[in-house]
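Examination of the molecular architecture
Chain residues, written in single-letter form:
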Amino acid sequence: MEKKRLETIPLRQIKIKDSFWDRYTGLVKDVLIPYQWDILNDRIEGVETSHCIHNFKVAANEAEGNFEGAVFQDTDVAKWLEAVAYALEASPDKELEKLADGAINLIGRAQGEDGYLNTYFTIKAPELRWKNLREGHELYTAGHMIEAATAYYKATGKTEFLEIMKRFADLICQIFGSEEGRRHGYPGHQEIELALVRLYEVTGDQKYLKTAKYFIDARGTGENYFLEEERKPGYRQLSPEFDDYDVSYSQSHLPVREQTTAEGHAVRAVYMYCAMADLAYLYQDQELFQACETLWEDMTKRRMYITGGIGSSGFLERFTTDYDLPNDRNYSETCASIGLALFGRRMAQITKDASYMDTVEKALYNTVLSGIAMDGKSFFYVNPLEVWPDNCMKRTSMEHVKAVRQKWFGVACCPPNIARTLASLGQYLYFTSEDTLYVNLYISGSVDVKLQGSDVNLTVESDLTNTGRIKLVFETEKDGAGSNLALRIPSYVKEYTISGSAYTADCPVEKGYLYIRNLPAGRTELVVRFSVPARFVRANPKVRADAGRIAIVKGPLVYCLEETDNGENLSGVFADAKGKLVEAYEENLLGGVTTVTFTGKRLKDTLWEDGALYGDRENQLEEVTLRAVPYHAWGNRKPGEMQVWMKELL
């Protein structure tokens with residue numbers, strides 16, 4: 001663990017103008033924020049009613065009615081406000097800021113005199129405050145509100161939201177802790193921990209950091225709090241989902257420093273791992289950091305999909321066991337991949353190791369983008385790698401899998417989470433140290449920073465997902481000031497060339513970053529050519545779902561077959577891995593994508609025209625040409641089957 005981590009760069013200093021990413025980041029202010037605001041206010045017909053803003057009005061005694069929605073319904077507006085904050089930081093907008101200020105003011109009016117803020121418990125169950133941490137999501141909801149408040153303060157300099165959440169955070173710090181007379185519990189859904197760290201970083205108040213550390217240190221120690229909680233007076237279970245509670249579901253089965261495998265609910269896990277990484281760095285806690293490394297290794301090397309999806313079980317949205325990665329009924333919640341990216345970014349900052357950003361990139365380009373339609377108005381909560389629409393039936397084991405994106409969800413954590421992720425994309429692109437600008441993701445645009453007291457500008461023109469060519473223009477004022485550039489060499493790149501006067505064969509590669517040191521004053525041009533041909537890949541045979549199958553990847557992108565290109569019954573297709581993969585950039589397809597065509601064979605069904613279910617007839621194969629498109633773009637044309645892993649023709 002490094003003594004000083006790399007830092008992200010304020011979004012106001014970063015401009016993204018990229019042919020691939022603009023189709024998504026461009027949705028944030030024009031579509032996602034206004035569309036989701038309308039949903040939060042129950043203005044759009046034909047979608048599940050949110051009730052979110054109405055709940056705050058009821059809690060503020062400004063509207064009649066009861067609480068409606070999930071116990072954590074408040075987090076929808078929290079994540080919406082966080083997305084707004086990032087959008088405002090990148091590009092000020094007075095009208096949008098005024099809209100957000102109105103929402104923040106309403107939240108303040110719904111706050112209790114003691115600082116408590118949660119519309120479910122204020123309206124519906126005040127007698128249950130802090131009495132069911134396992135299910136109640138009070139601390140989880142507070143965490144998302146705190147994250148939004150810190151982001152809004154950093155974006156606008158306004159303190160109203162920050163002060164609202166400081167009051168609530170102060171209350172939490174008074175109630176919880178190891179001291180006598182305080183509650184010795186911890187959240188059933190982790191989130192407050194990483195939020196309190198962010199609040200500490202903004203305010204400098206040590207009590208927030210201390211409470212975050214308490215929640216992490218107490219988890220899984222002694223008698224399990226959630227089992228003990230059931231026996232306390234006033235406890236009431238909120239959902240039958242929590243019958244026969246498995247403490248590993250909430251990662252409370254062991255003290256966090258003793259956990260060696262990724263267990264339980266995937267989103268809970270990665271949010272906790274983010275906080276563990278933050279605290280390990282801030283306290284220079286090597287044991288805690290070692291636990292982070294161990295959990296990352298298990299999660300990404302044995303329990304992660306090729307798309308960066310995690311949480312394979314459709315039941316309880318959780319991890320199962322090593323190499324259990326079913327394709328057609330997995331969960332791979334969009335929020336889980338967002339949490340994975342947040343965790344990986346922290347680990348990269350702490351270690352200066354680019355391999356973490358390989359996984360971050362995989363998650364962002366595939367599962368996170370799969371979670372949103374290209375029009376920004378429908379979403380996937382679940383991200384399978386194989387879909388047969390006919391068997392995605394309600395009240396079956398396939399009920400969670402959707403063949404088309406949904407306009408909204410009763411539990412709508414993913415859509416606003418996607419919005420805040422796209423709005424904050426710049427935080428993943430670059431890091432800085434005192435003298436070095438680190439390039440993590442090759443996305444076209446520009447960034448302004450100071451290195452060694454000198455103003456530096458970097459402009460990037462990237463064609464990573466097509467040709468792999470990237471042009472970088474580095475401009476600095478001072479000669480010999482020690483300004484350096486560190487370029488991530490992705491693990492999928494086996495060959496590359498770099499041209500430019502500043503680059504020499506002696507430039508070292510350390511932990512996946514190629515360092516070009518002591519750049520001269522003025523303008524320096526570099527052209528990087530990564531070899532990113534489409535290629536077939538195979539899974540470890542222990543991944544039983546993928547045994548005898550192959551997939552296609554190109555650079556950071558995973559590819560898939562869709563029925564609209566290749567006909568129905570994709571399970572009857574065999575891909576010829578010995579054949580050639582032919583790439584073609586199709587400007588008018590899916591916003592402009594590189595497709596991959598190749599040969600294979602398909603089972604002939606003519607021998608089964610009589611409708612027989614079984615028989616001793618021999619299989620016959622016919623030659624076919626197949627076309628694959630990037631996984632993130634699937635489901636944006638006609639509804640139909642989709643498949644990532646194909647049977648290999650042997």
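Look up: the structure comes first, before these words.
Now for a description of the structure that goes with this document.

The rules behind the values
- Chains are numbered independently. Their residues run from 1 in the order of the written sequence.
- Local features in a predicted model are, by the rule used here, given only for residues with pLDDT of at least 70; side-chain atom pairs are given and counted only at 80 or more, and totals for whole chains, interfaces and linings are based on all residues.
- Side-chain measures here rest on the full set of heavy atoms in the structure, leaving out hydrogens and waters.
- The secondary structure listing takes helices from DSSP runs of H or I that are at least 4 residues long and strands from runs of E that are at least 2 residues long, numbered from the N terminus.
- Buried means the residue's accessible area, taken with a 1.4 Å probe over protein chains only, is under 20% of the maximum for its type, while exposed means over 50%, and partly exposed covers the values in between.
- Any two residues whose heavy atoms approach within 4.5 Å at even a single point are treated as in contact.
- Note on areas: Shrake-Rupley, 1.4 Å probe, and residue coverage restricted to the protein chains presented here.
- We score Asp and Glu as negative and Lys and Arg as positive, and we do not count His or the chain ends.
- Here the site of a charge means atom NZ of a Lys, CZ of an Arg, CG of an Asp or CD of a Glu.
- Only rings of Phe, Tyr and Trp enter the pairing, Trp through its six-membered ring, and a pair is recorded when the two centres are within 6.5 Å. The plane angle decides the type: under 30 degrees is stacked, over 60 is edge-to-face, the rest tilted.
- Remark: a charge is flagged as sitting over a ring if the NZ atom of Lys or the CZ atom of Arg is within 6 Å of the ring centre and within 35 degrees of the ring normal.
- A pair of strands is considered paired only if DSSP assigns at least 2 bridges between the two.
- To get an axis, fit a line to the C-alpha atoms, keeping to the stretch in contact for a helix; angles then go from 0 to 180 degrees between the N-to-C directions.
- Every helix has an expected span of 1.5 Å times one less than the residues it contains.
- A 3.5 Å cut-off defines polar contacts: any pair of N or O atoms within that distance qualifies, except that in protein one atom must be a possible hydrogen donor and the other a possible acceptor, and neighbouring residues in sequence count only when both atoms are side-chain atoms.
- We count a salt bridge whenever a side-chain nitrogen from Lys or Arg sits within 4 Å of a carboxyl oxygen from Asp or Glu.
- Two helices cross in a left-handed way if the nearer one is turned anticlockwise from the farther one by less than a right angle. They cross in a right-handed way if the turn is clockwise.
- Polar here means any residue outside two lists: the nonpolar Ala, Val, Leu, Ile, Met, Phe, Trp, Tyr, Cys and Pro, and the charged Asp, Glu, Lys and Arg; Gly therefore counts as polar.
- Working definition: roughly parallel below 35 degrees, roughly antiparallel above 145 degrees, roughly perpendicular at 65 to 115 degrees, and oblique for all remaining angles.

Counting its secondary structure elements, the chain contains 19 helices and 21 strands. If you line up the chain on its principal axes, its C-alpha atoms span 75 × 70 × 50 Å. With 650 residues in all, the chain has 59% of them scored as buried. Across the chain, the fraction of contacts at a sequence separation of at least 24, relative to all contacts at a separation of at least 6, is 72%. Accessible surface computed for the chain: about 25300 Å², of which carbon and sulfur atoms make up 46%. Both charge centroids of the chain, one from 76 positive and one from 95 negative side chains, sit 2 Å from each other.

Our focus in this paragraph is the packing of aromatic side chains. Summed over the entire model, instances satisfying the criterion amount to 32 aromatic pairs. Where Tyr214 meets Phe215, the ring centres are 5.6 Å apart and the plane angle is 55 degrees; that geometry is what we call tilted. A network of ring pairs unites the aromatic residues Tyr116, Trp130, Phe168, Phe176, Tyr214 and Phe215 as a single cluster. Positioned above the aromatic ring of Tyr116 is the side chain of Arg129, whose terminal nitrogen or guanidinium carbon lies 3.8 Å from the ring centre.

Pairing in this open sheet of six strands is antiparallel, and the strands run β1-β5-β6-β7-β12-β9 from one edge to the other. Where the open sheet ends on each side, the last strands, each with one partner, are β1 (14-16) and β9 (496-499). Between one strand and the next, the sheet's axes are offset by a mean angle of 15 degrees, whatever the strand orientation.

It is worth spelling out the sheet that holds strand β8 (residues 484-488) at this point. Strand order in the open sheet made by the five strands is β3-β4-β8-β11-β10, with mixed pairing throughout. Lying at the two open borders of the sheet, with one neighbouring strand each, are β3 (430-432) and β10 (509-510). Here β10 runs beside strand β11 (residues 513-516); their pairing, made up of two bridges, is antiparallel. By the bridge assignment, Val509 is partnered in β11 with Leu514.

Attention now goes to helix α4 (residues 74-90). Taking 1.5 Å as the rise per residue, α4 with 17 residues should run 24 Å; its terminal C-alpha atoms sit 25 Å apart, in good agreement. α4 sits mainly inside the fold: 16 of its 17 residues count as buried.

Both faces of β11 are covered, namely the face carrying Tyr513 and Tyr515 and the face carrying Leu514 and Ile516. Across four bridges, the pairing between β8 and β11 is antiparallel. When the sheet's bridge partners are listed, Arg488 is paired in β11 with Tyr513. Where β10 folds back on β11, the antiparallel hairpin that results is connected by two residues, among which Lys511 adopts a positive phi of roughly 50 degrees.

Note on placement: His265 falls in the loop between α12 (225-229) and α13 (266-282). Among the polar contacts made by the side chain of His265, one reaches the side chain of Glu317 at a distance of 2.6 Å. Apart from residues no more than four positions distant in its own chain, His265 is found in contact with His189, Tyr249, Gln251, Leu316, Glu317, Arg318 and Glu333.

Glancing now at the environment of Gly410. Inspection of the secondary structure assignment puts Gly410 in the loop between β2 (386-387) and α17 (414-423). Put simply, Gly410 and Tyr428 are 18 residues apart on the chain and 30 Å apart in space, counted from C-alpha to C-alpha. Apart from the residues lying within four places of it in its own chain, the contact partners of Gly410 are Glu48 and Gln73.

The next subject is the side chain of Asp285. Note on placement: Asp285 falls in the loop between α13 and α14 (286-302). Taking relative accessible area as the criterion, Asp285 reaches 16% and is therefore assigned buried. Polar contacts involving the side chain of Asp285 include one to the main-chain amide nitrogen of Leu288, which spans 3.0 Å.

Looking along a regular strand, one sees side chains alternate from face to face of the sheet. In the sheet, strand β15 (residues 557-562) pairs with strand β19 (residues 621-630) via three bridges, with the strands oriented antiparallel. For Tyr559, the partnering residue across the bridge sits in β19 and is Pro630. Two elements, strand β18 (residues 593-603) and β19, share eight bridges in a ladder whose sense is antiparallel. By the bridge assignment for β19, Lys601 is matched with Glu623.

In the structure shown here, the tally under the stated rule is 52 salt bridges. When the shortest N-O distance is used, the salt bridge between Arg517 and Glu510 registers 3.8 Å. For Arg517, a relative accessible area of 40% gives the class partly exposed. With a relative accessible area of 37%, Glu510 lands in the partly exposed category. One continuous salt-bridge network, built from bridges that share partners, spans Lys213, Asp217, Arg257, Asp285 and Glu287.

At a closest axis distance of 9 Å, the pairing of helix α8 (residues 138-156) and helix α9 (residues 160-175) adopts a crossing angle of 145 degrees. With respect to the hand of their crossing, α8 and α9 are arranged in left-handed fashion. Along its contact with α8, which presents Leu139, Ala142, Met145, Ile146, Ala148, Ala149, Thr150, Tyr152 and Tyr153, the element α9 presents Phe161, Leu162, Met165, Phe168, Ala169 and Ile172. Across the contact of α8 with α9, the residue classes tally to 14 nonpolar, one polar and no charged.

Here helix α15 (residues 334-351) contains 18 residues, and its C-alpha end-to-end distance of 26 Å stays within 8% of the 26 Å for a straight helix at 1.5 Å per residue. Of all 18 residues in α15, 18 are buried, a share of seventy percent or more.

Once that is clear, we can look at the packing of α14 against α15. One way to put it is that α14 packs onto α15 with a least axis distance of 12 Å and a crossing angle of 130 degrees. Put simply, α14 runs oblique to α15. Considering only the axes of α14 and α15, their crossing is left-handed. Contacts between α14 and α15 pair Phe289, Cys292, Glu293, Trp296, Met299 and Thr300 from the former with Leu340, Phe343, Gly344, Met347, Ile350 and Thr351 from the latter.

This part is about unusual backbone geometry. The phi dihedral of Asp42 is positive, around 60 degrees, even though this residue is not glycine. With a relative accessible area of 35%, Asp42 lands in the partly exposed category.

With respect to the helices and strands, the residue Ala547 is situated in the loop between β13 (535-537) and β14 (549-554). Expressed as a C-alpha distance, the spacing of Ala547 and Lys98, which sit 449 residues apart in the sequence, is 55 Å.

Tracing the backbone shows Gly264 in the loop between α12 and α13. Residue class for Gly264 comes out buried when judged on its relative accessible area of 0%. Separated by 49 residues in sequence, Gly264 and Ser313 place their C-alpha atoms 9.7 Å apart. Each residue touching Gly264, except ones within four places of it in the same chain, is listed here: Ser248, Tyr249, Gln251, Glu317, Arg318 and Phe319.

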